[in-house]
Amino acid sequence: GNYDFTITNTKLWTLTLEKRDTSTGATLQSAEFDLYRQAASTETGAIEIVGTAFTGSTVYGVKRNATPYVTGIDGRITVLDLPPGNTYWLVETKAPDGYMQPVNAFGFTLNADGSISDTTDSTLMQVSGSGESLLLILKNQNGYLLPDTGGPGLMNGTWLGLALLALTGIMY
């Protein structure tokens, strides 16, 4: 007998991510990223994606890279063969020296025409999406997070010290 088969080809996209300084626009080298395709928790290889708690629910995904993507001297990473129609999550696992590591992951949906939608953060911007490639810009804030100082116990310590001074004055 004869058999009929239908083969559907899906255009795959190349994603280029460029990491830049928020204020100067300079490209940033040595940022490290993981990329996840959002998936059901029951899908083989699916794990909870770090940095997605802000969504209000647990987000699962399948990691696309075995080793981190690292931005080069041009501030860019390139990811090949991304199928459209999926939501992807970029997780910055290491910020460049002198920059703060974002707490949240960056989510976006890759559409069939190469455009992105449903971005979860305004610092992730699409510059172009034509042909078979897509360029996204992600900005990083310069500086470090400093520890809190002064804490809530400062006044209690001051009063205790004054009381001890008064007590020693009375005793002697």
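Use the structure listed above.
These lines cover the structure that appears in this document, whether it is placed above or below.

Reading the values: the criteria
Residues numbered from 1 in each chain as written. Predicted model: local features only at pLDDT ≥ 70, side-chain atom pairs only at ≥ 80, totals over all residues. Heavy atoms only, no water. Pairing = 2+ DSSP bridges. Helix = DSSP H or I, 4+ residues; strand = E, 2+ residues; numbered from the N terminus. Contact = heavy atoms within 4.5 Å. Phe/Tyr/Trp six-rings, centres within 6.5 Å; stacked < 30°, edge-to-face > 60°. Buried < 20%, exposed > 50% of the residue type's maximum accessible area, 1.4 Å probe, protein only.

### Considerations on the pairing of strand 7 (residues 86–94)
Successive side chains on a regular strand alternate, one facing one side of the sheet and the next facing the other.
Thought 1: Here strand 2 (residues 32–38) runs beside strand 7; their pairing, made up of six bridges, is antiparallel. Bridging from a neighbouring strand, Tyr36 pairs with Trp89 of strand 7.
Thought 2: Note that strand 7 and strand 8 (residues 106–110) share five bridges and pair antiparallel. Within the sheet, the bridge partner assigned to Leu90 lies in strand 8 and is Phe106.

### Concerning the side chain of Thr16
Thought 1: In this structure, Thr16 sits in strand 1 (residues 13–21).
Thought 2: Apart from the residues within four sequence positions on either side, Thr16 is in contact with Arg76, Ile77, Thr78, Leu134, Leu135 and Leu136.

### A closer look at the pairing of strand 2
Thought 1: Note: strand 2 against strand 5 (residues 69–70), two bridges, orientation antiparallel. The residue bridging Phe33 from the neighbouring strand is Tyr69, located in strand 5.

### Quick word on the packing of aromatic side chains
Thought 1: Tallied over the full model, the rule gives two aromatic pairs.
Thought 2: Ring geometry for Phe54 and Trp89: centres 6.2 Å apart, planes at 65°, overall edge-to-face. One end of the pair, Phe54, is in the loop between strand 3 (47–48) and strand 4 (60–63); the other, Trp89, is in strand 7, with 35 residues separating them in the sequence.
Thought 3: Since its relative accessible area comes to 37%, Phe54 is described here as partly exposed.
Thought 4: With relative accessibility at 3%, the residue Trp89 sits in the buried group.

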